[in-house]
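An overview of the molecular structure
Next come the chains, spelled out residue by residue.
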Amino acid sequence: MSNSNRQSLHGEWSSRWVFVLAATGAAVGLGNVWKFPYIAGVNGGAAFVLIYLVFVMLIGVPLLMAEIFLGRTGRRNPALTMRELALESGRSKHWKWVGVIGILSGFLILSYYCVIAGWALDYAFKAASGSFQKLSPEHVRNMFNELISNPVELLQWHTIIILVTTMIVARGVQAGLERSIRLMFPAMVILLLVLLGYVLNTGFFDEGLEFLFKPDFSALTSAGVLMALGHAFFTLSLATGSIMMYGAYLPRHASVTVAAVCIAAADTFVALLSSMIIFPIVFANQLEPDQGPGLIFHTLPLAFSNMPHGTLFATLFFVLLVFAALTSAISLLEPSVAYLVEKYHMSRTKAAYVAGMGVWVVGIGTVLSFNHWADLKLFGHNFFELMDYLTANILLPLGGLFIAIFAAWFMKSDAAEKALDAESDRVFKWWRFCSRYLVPLAILLVFASVVGILKI
Ligand code: PHE
């Protein structure tokens, strides 16, 4: 079948803006509000933030473009898309493994993502029941520790999140997703701005800004640079099949470049906004910026408990965070489901439940890693940390490396140019330069520095 008339088996977005919304929904999630602030905190702040921004612009945007146009041309699940496009350019069918590993990475990420989304859901209920009133840092710490040390409760939230995700994906993405993102994204930004208004009055806003934007490069290690790279992939949903999959539902003549830039900009905006809220609260309450995954659950309840109408705002905020997580979770499940449908001819519903069930089982490992299995470590990481490290820091950058190499070196140049359908020759040339040289070089340099070949 030639490229121009290939159709997706799962439908199409109703317009290119719906695609941008859906992909932004996939990109903006726990990665921006939960993960970015805590890993920036662990890595000393501003220098890490700066490197991360450079990675988003130089690696993230060209790779977003590549994934979108590969998906739009292939119109199948990422494994089949890679295989078909490789064959069309006279290359080996084994390029499909890049897609397979992407799908697997998304599956593994989802397994822990649902557990963390479950924390947010628990906090939404806590907020609604009025628990966030006159809290001290002590209270908040105990509240969080009680939650994560209770596997039954964690499992219950994890189950609800994966069930909802599965149900939405089983129904087909378009209708439900489109409506929820259209409402959710602006609402989320408004609430973040309300929170920003609050922290402006904490008296510690400048200190927060300094932590985030005044780089001290001595605080940065090669492990930190790898984390910044991994997070650029994670937060833009790259190399997990999600963006390639969503690209497969994109109408033919939408601008890939504009879409990629919009997604990256919206995603970065939310990450920076969240951090500008979290760190002033950290400093105002003498909390530690490097306390890890519990960071937002230690800081935000304090802020809400001190502000007028805190219960209302807190409830809204955590509900929206759950929505933001769900729109990402859906995009993480979709490639596995499309794979099962296309490869094994399962019905969409069956495929969604089979994949959802698998994710649920693996997620139990993360549930237990905060309590019974907390001391069970491999390479110094518990189960949750291992899943996170393996996916974000290894599989995603590796997947991104191969995607860039494929699109810029192995795909026939005229096929790539036609697939990107750029607004001008300059855009195509800029994309190809980044994807041919900058992206592979940057990823390889970071890997080399981590394994100790290169000293930075
Ligand atoms: N980008 C999402 C976030 O920041 C997570 C995600 C990763 C979603 C990979 C899809 C694919 O929360």
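Everything here concerns the structure above.
Not measured: the values here are computed from a predicted model. (Residues numbered from 1 in each chain as written. Predicted model: local features only at pLDDT ≥ 70, side-chain atom pairs only at ≥ 80, totals over all residues. Heavy atoms only, no water.)

1. With respect to helix H13 (residues 295-306)
For H13, which comprises 12 residues, the first-to-last C-alpha distance of 18 Å matches the rise-based estimate of 16 Å (1.5 Å per residue) to within 8%. Counting buried positions along H13 gives 11 out of 12 residues, so the element sits mostly inside the fold. Taken residue by residue, H13 has Leu295, Ile296, Phe297, His298, Thr299, Leu300, Pro301, Leu302, Ala303, Phe304 and Ser305 as its buried positions. (Helix = DSSP H or I, 4+ residues; strand = E, 2+ residues; numbered from the N terminus. Expected span 1.5 Å × (residues − 1). Buried < 20%, exposed > 50% of the residue type's maximum accessible area, 1.4 Å probe, protein only.)

2. Focus: the pattern of salt bridges
In total, this model carries seven salt bridges according to the counting rule given. With a closest N to O distance of 3.1 Å, Arg75 and Glu12 form a salt bridge. Residue Arg75 is found in the loop between helix H3 (46-74) and helix H4 (78-88), and its partner Glu12 is found in the segment before helix H1 (16-27); the two are separated by 63 residues along the sequence. For Glu12, a relative accessible area of 35% gives the class partly exposed. Note that Glu84 is salt-bridged to Arg83, the shortest N-O span being 3.5 Å. (Salt bridge = Lys/Arg side-chain N within 4 Å of Asp/Glu carboxyl O.)

3. Notes on the site of the ligand
Around the ligand sit 15 residues in total, of which Ala27, Gly31, Tyr113, Phe234 and Thr235 are the nearest. At 2.7 Å, a backbone N or O of Gly31 approaches an oxygen atom of the ligand. Within the side chain of Tyr113, one N or O atom sits 2.5 Å away from an oxygen atom of the ligand. Across the complex, the protein chains shield 100% of the 330 Å² of accessible surface that the ligand would expose by itself. (Near = heavy atom within 4 Å. Polar contact = N/O pair within 3.5 Å; in protein donor to acceptor, adjacent residues only side chain to side chain. Areas by Shrake-Rupley, 256 points an atom, 1.4 Å probe, with all protein chains shown as cover.)

4. Things to note about the nonpolar core
With 169 residues, the main nonpolar core has Phe19, Phe69, Leu70, Trp119, Leu300, Phe317 and Phe318 as its most contacted residues. Residues in contact with Phe19, not counting those within four places in the same chain, are Trp13, Ile68, Tyr246, Gly247, Leu250, Ala259 and Ile263. (Core = buried A, V, L, I, M, F, W, Y, C linked by side-chain atoms within 4.5 Å. Contact = heavy atoms within 4.5 Å.)

5. A closer look at unusual backbone geometry
A positive phi is found at His309, a non-glycine position, where the angle reads about 55°. Within the fold, His309 resides in the loop between H13 and helix H14 (310-344). Non-glycine residue Phe379 carries a positive phi angle of around 50°. Along the polypeptide, Phe379 turns up in the loop between helix H15 (348-369) and helix H16 (383-410).

6. Observations concerning helix H5 (residues 96-128)
With 33 residues, H5 ought to run about 48 Å at 1.5 Å a step, and its terminal C-alpha atoms sit 47 Å apart, in line with that. The sharpest bend along H5 comes to roughly 25°, located at Ser111. The element H5 is extensively covered by neighbouring structure, given that 26 of its 33 residues are classed as buried. (Bend = angle between axes of the 7 residues up to and from the residue.)

7. Focus on the packing of H14 against H15
Close contact between H14 and H15 brings their axes to 9 Å; oriented N to C, the two are set at 130°. Classified by the angle their axes make, H14 and H15 are oblique. At the point where H14 passes H15, the crossing takes the right-handed sense. For the pair H14 and H15, the contacting residues are Leu333, Glu334, Ser336, Val337, Leu340 and Val341 in the first and Arg348, Ala351, Ala352, Val354, Ala355, Gly356 and Val359 in the second. Class assignment of the residues belonging to the contact of H14 with H15 gives a composition of nine nonpolar, two polar and two charged. (Axes fitted to C-alpha atoms, helices over the stretch in contact; angles between N-to-C directions. Parallel < 35°, antiparallel > 145°, perpendicular 65-115°, else oblique. Left-handed = near helix turned anticlockwise from the far one by under 90°. Nonpolar A, V, L, I, M, F, W, Y, C, P; charged D, E, K, R; others polar.)

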